[in-house]
Structure formats: structure tokens, C-alpha cells
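# Structure assessment
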Amino acid sequence: MAGRPTRVLGLVGVLLIALVAVALSMAPLPAYTVVPGESIALSTSMTVDGTAATDVLNGDFLVTTIALGDADVADLVRSWADPDLRVVPRTAFVETGVDEDAFVAEQQARFAASMATAGDVAGELAGGDPVVVAVAGDRVGGPSAGLTAALAAYDVLDADDLAAGRSIAATGEIRPDGTVVGVGSVADKVRGAAAAGAAMFLVPSGQVEAARDAVPVGVAMEVVGVDTVAEAVAVLSAR
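Residues numbered from 1 in each chain as written. Predicted model: local features only at pLDDT ≥ 70, side-chain atom pairs only at ≥ 80, totals over all residues. Heavy atoms only, no water.

## Quick word on empty space enclosed by the protein
Scanning the entire structure with this criterion turns up one cavity of 30 Å³ or more. The computed volume of the largest cavity comes to approximately 40 Å³. Considering the residues around the largest cavity, the lining is formed by I40, F111, V135, A136, G137, D138, R139 and V140. Residue composition of the lining of the largest cavity, grouped by class: five nonpolar, one polar and two charged. (1 Å grid on protein atoms, 1.4 Å probe; cavity = no way out; pocket = protein on both sides within 12 Å on 5 of 7 lines; lining within 4 Å. Points joined across faces, edges and corners; volume = space filled by probe spheres on them. Nonpolar A, V, L, I, M, F, W, Y, C, P; charged D, E, K, R; others polar.)

See the structure below:
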């Protein structure tokens, strides 16, 4: 009987350690989880000068996204084995001193600006005036949907069938002159596009190797790098 208190205390110690471990695993980190987000179909969510893309497009253009969440220690541990889960410092997305509401508002403003640029570039490429490109909902922020929106808008405006029955994913910020520039989280977006069944993924040319490396094994999705919206149109027209 003399050994029982020791055993009881030992069990209590183990339980305390387990509870501490659980509490630590749930402790928040100054970090975000990053996972492939929704691939948004522009055929059902975009209008070009009031014309619904779904009435014109033969195929689809997918806006690729990422999803951010608050990270804890358990997420960090899971990320070691899950290629679709990353844990990154908050400062990788939100500058020190900027609150999250201000960050979201800024990203939504950049998205709106990218749609305006897409309308300008698509209208010029189609041989006409700038057009108004609108995407329903508020699920996307930032400028990286510019390339996808410009291609979809061009396909709506031009007589040629650019999508040609395919599901085309893309990412890339565009400048007013149609130049395509690099964006963040390309590998995450590639995996999201692959999961959505995209046949092709267009990406800024400087990021094409990273994009190709991120295509999951066994997925037959072509990855093409482009420097301008006009080049992306030529690529799609030739395939």
C-alpha cells in the first residue's frame, strides 16, 4: 500500500503534462495558416459592360486564391506533413502596426483597381474602348486576379473563342500597358487550380518554374509563363 500515493501522483503528473501539451498546441502564434483557396469561376460571377460572361464564354476562367487563418502550434506541427498547409509570420501579409480590418480594406481596393485595369487592357486588345469589368461578391482581395479577368473579358468581347471549352486558371497582376508581373503564393494557387480541374495555368514568366514544381504528381495541368496579356491571348489562341 505504501507505493500507491507515488503511483497516484505519477498519474496526476502525466495528466498535467498532457493538459499543458494540449493547451500549448492551441496557443495562438503571430502567424497565419495558408492553404489553397477557392477557385472562382468567372463564367458565373463576371460581367463585362453589363453582359454576363456566362452568356458568351465557352469554357471558363478561374481566379485562383489562397485562404488565411489564425495559426496555432498544432497547425505548425501539421504543416510538417501536409504540403497544402503552410504557416507563415503575419508580417508576410500584414505590415507591423496595420490592423486586419485595414489590411482587408486595402486588398479589396487593390482588387477593384485590378478589375479596372483588366477592363482597360481587354478593351484595347479587342480593338475597342475600355470596358467595365465587375465580379460579384467580396471573396477576393489583392491584384493577382488581373490577368484572369483581362483574359475572360477579352474572350467576352472578341469573336474568337479563347477558352474553347477549357477551364483556364491564371494568376498575375497586370499593369496598364498589359505587362504581367509576379504575385505571391503561386504554389498554393497552382494546387488550388489543380484541385479545381483546370486544364492550363497561366503565370508570370518569372514564376513559371516554381509553378510547375507545385503541380501535384499525376495531375496533367499545363503551366505556361507569360509576360503580357497579349502573349497570354496568343498562347490560348494557339492551343
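## Quick look at the packing of aromatic side chains
Across all of its chains, the model carries one aromatic pair by this definition. Their ring planes at 80° and their centres at 6.2 Å tell us that Y32 and F93 sit as a pair that is edge-to-face. Placement of the pair is Y32 in strand β1 (residues 28-36) and F93 in the loop between β7 (86-89) and α3 (100-125), with a sequence separation of 61 residues. Residue classification places Y32 among the buried positions, given a relative accessible area of 4%. Stacked on the ring of Y32, the Lys or Arg R90 has its end atom at 4.6 Å from the ring centre. (Phe/Tyr/Trp six-rings, centres within 6.5 Å; stacked < 30°, edge-to-face > 60°. Helix = DSSP H or I, 4+ residues; strand = E, 2+ residues; numbered from the N terminus. Buried < 20%, exposed > 50% of the residue type's maximum accessible area, 1.4 Å probe, protein only. Lys NZ or Arg CZ within 6 Å of the ring centre and 35° of its normal.)

## Some remarks on the nonpolar core
Counting 41 residues, the largest nonpolar core has M46, F61, L147, L151, L202 and V229 as its most contacted members. For this core, the element with the most residues is helix α4 (residues 146-157), which contributes eight residues. Those residues within four positions of F61 in sequence are excluded, and the remaining contacts are I40, A41, L42, T148, L151, A152, D155, L162, A163, I168 and L236. The next biggest cluster of nonpolar side chains, apart from the first, holds 16 residues, and it includes A193, V208, M221 and V223. (Core = buried A, V, L, I, M, F, W, Y, C linked by side-chain atoms within 4.5 Å. Contact = heavy atoms within 4.5 Å.)

## Let's talk about helix α5 (residues 186-195)
A large share of α5 lies buried, amounting to eight of its ten residues. Here α5 has its buried residues at V186, D188, K189, V190, R191, G192, A193 and A194. In the segment just after α5, G197 is the residue with positive phi, at about 85°.

## A look at the pairing of strand β12 (residues 200-204)
Of all five residues that make up β12, five are buried, and the element is covered over most of its length. When strand β9 (residues 167-170) meets β12, the two strands line up parallel, connected through three bridges. In the sheet register, A169 faces β12, and the bridge partner there is F201. (Pairing = 2+ DSSP bridges.)

## Focus: the confidence of the model for the protein chain
Scored by pLDDT, the protein chain has a mean of 90; 89% of the residues are at 70 or more. Considering only residues more than four positions removed or in separate chains, one finds that residues 12-24, a stretch of pLDDT under 50, has one contact. (pLDDT = per-residue confidence, 0-100.)

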